[in-house]
Amino acid sequence: MIGVSEGKDMEARAFLELAGIDSSKYRIQSNNSTYVHAINEETKEFVIVEKATLEVVKSPGALAEHPGHKNNNTDSL
(Lines give C-alpha, C1' and ligand atoms only; values in the text may rest on other atoms or scores of the structure.)
Protein backbone atom coordinates (compact mmCIF):
# COMPACT_ATOMS: atom_id res chain seq x y z
CA MET A 1 0.00 0.00 0.00
CA ILE A 2 1.18 3.47 -0.78
CA GLY A 3 0.80 5.89 2.10
CA VAL A 4 -2.31 4.34 3.67
CA SER A 5 -2.09 3.01 7.23
CA GLU A 6 -3.81 -0.23 8.20
CA GLY A 7 -6.62 1.60 10.02
CA LYS A 8 -7.20 3.98 7.13
CA ASP A 9 -7.11 1.01 4.73
CA MET A 10 -9.92 -0.71 6.64
CA GLU A 11 -11.95 2.52 6.58
CA ALA A 12 -11.36 2.95 2.84
CA ARG A 13 -12.37 -0.65 2.15
CA ALA A 14 -15.59 -0.09 4.10
CA PHE A 15 -16.42 2.90 1.86
CA LEU A 16 -15.76 0.81 -1.26
CA GLU A 17 -18.08 -1.92 0.03
CA LEU A 18 -20.82 0.62 0.88
CA ALA A 19 -20.51 1.95 -2.67
CA GLY A 20 -21.05 -1.57 -4.06
CA ILE A 21 -17.44 -2.36 -4.95
CA ASP A 22 -15.72 -5.63 -4.00
CA SER A 23 -12.85 -4.14 -2.00
CA SER A 24 -10.84 -7.38 -2.07
CA LYS A 25 -10.13 -6.76 -5.76
CA TYR A 26 -8.76 -3.23 -5.24
CA ARG A 27 -5.59 -1.69 -3.85
CA ILE A 28 -6.20 1.54 -1.96
CA GLN A 29 -4.06 4.35 -3.35
CA SER A 30 -5.25 7.18 -1.12
CA ASN A 31 -7.88 7.85 1.49
CA ASN A 32 -8.51 11.45 2.44
CA SER A 33 -11.40 13.23 4.15
CA THR A 34 -13.40 13.49 0.90
CA TYR A 35 -12.48 10.61 -1.43
CA VAL A 36 -11.13 7.05 -1.57
CA HIS A 37 -8.93 6.33 -4.61
CA ALA A 38 -8.37 2.67 -5.53
CA ILE A 39 -7.10 0.60 -8.43
CA ASN A 40 -7.96 -2.90 -9.55
CA GLU A 41 -4.54 -4.44 -10.23
CA GLU A 42 -5.99 -7.06 -12.58
CA THR A 43 -8.11 -4.83 -14.85
CA LYS A 44 -6.27 -1.54 -14.16
CA GLU A 45 -9.66 0.07 -13.48
CA PHE A 46 -9.21 3.18 -11.33
CA VAL A 47 -12.11 4.27 -9.15
CA ILE A 48 -12.81 7.18 -6.87
CA VAL A 49 -15.55 6.99 -4.25
CA GLU A 50 -16.86 10.22 -2.80
CA LYS A 51 -17.36 9.58 0.91
CA ALA A 52 -20.29 11.97 1.45
CA THR A 53 -22.49 10.47 -1.28
CA LEU A 54 -20.83 7.08 -1.94
CA GLU A 55 -20.83 8.10 -5.63
CA VAL A 56 -18.43 6.03 -7.75
CA VAL A 57 -16.41 7.89 -10.36
CA LYS A 58 -14.81 5.55 -12.90
CA SER A 59 -12.52 8.12 -14.47
CA PRO A 60 -10.25 10.42 -12.44
CA GLY A 61 -10.74 13.09 -15.13
CA ALA A 62 -14.44 13.29 -14.30
CA LEU A 63 -13.70 15.33 -11.20
CA ALA A 64 -12.95 19.00 -11.83
CA GLU A 65 -10.44 19.25 -9.00
CA HIS A 66 -8.48 16.26 -10.29
CA PRO A 67 -5.41 17.14 -12.42
CA GLY A 68 -6.62 14.82 -15.20
CA HIS A 69 -9.83 16.80 -15.73
CA LYS A 70 -10.41 18.27 -19.19
CA ASN A 71 -12.75 21.22 -19.63
CA ASN A 72 -15.19 20.14 -22.35
CA ASN A 73 -16.33 23.75 -22.89
CA THR A 74 -13.11 24.52 -24.76
CA ASP A 75 -13.60 21.75 -27.34
CA SER A 76 -15.56 24.02 -29.68
CA LEU A 77 -13.06 26.92 -29.54
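For the structure given in this document, a descriptive report is provided here.

About the cut-offs
- Residues numbered from 1 in each chain as written.
- Predicted model: local features only at pLDDT ≥ 70, side-chain atom pairs only at ≥ 80, totals over all residues.
- Heavy atoms only, no water.
- Salt bridge = Lys/Arg side-chain N within 4 Å of Asp/Glu carboxyl O.
- Helix = DSSP H or I, 4+ residues; strand = E, 2+ residues; numbered from the N terminus.
- Buried < 20%, exposed > 50% of the residue type's maximum accessible area, 1.4 Å probe, protein only.
- Core = buried A, V, L, I, M, F, W, Y, C linked by side-chain atoms within 4.5 Å.

With that settled, consider the pattern of salt bridges. Going through the model one piece at a time under the given rule, you end up with five salt bridges. With a closest N to O distance of 3.7 Å, Glu11 and Lys8 form a salt bridge. Linking Glu11 with Lys8, this pair stays in helix α1 (residues 6-18), spanning three residues, or about one helical turn. Judged by relative accessible area, Glu11 falls into the partly exposed class, the value being 32%. Its relative accessible area of 34% is what places Lys8 among the partly exposed residues.

Moving on, we get to the nonpolar core. Membership of the largest hydrophobic core is limited to eleven residues, which are Ala12, Phe15, Leu16, Ala19, Ile21, Tyr26, Ile28, Val36, Ala38, Val47 and Val49. Of all hydrophobic cores here, the second largest spans five residues; its members include Tyr35, Ile39, Phe46 and Ile48.

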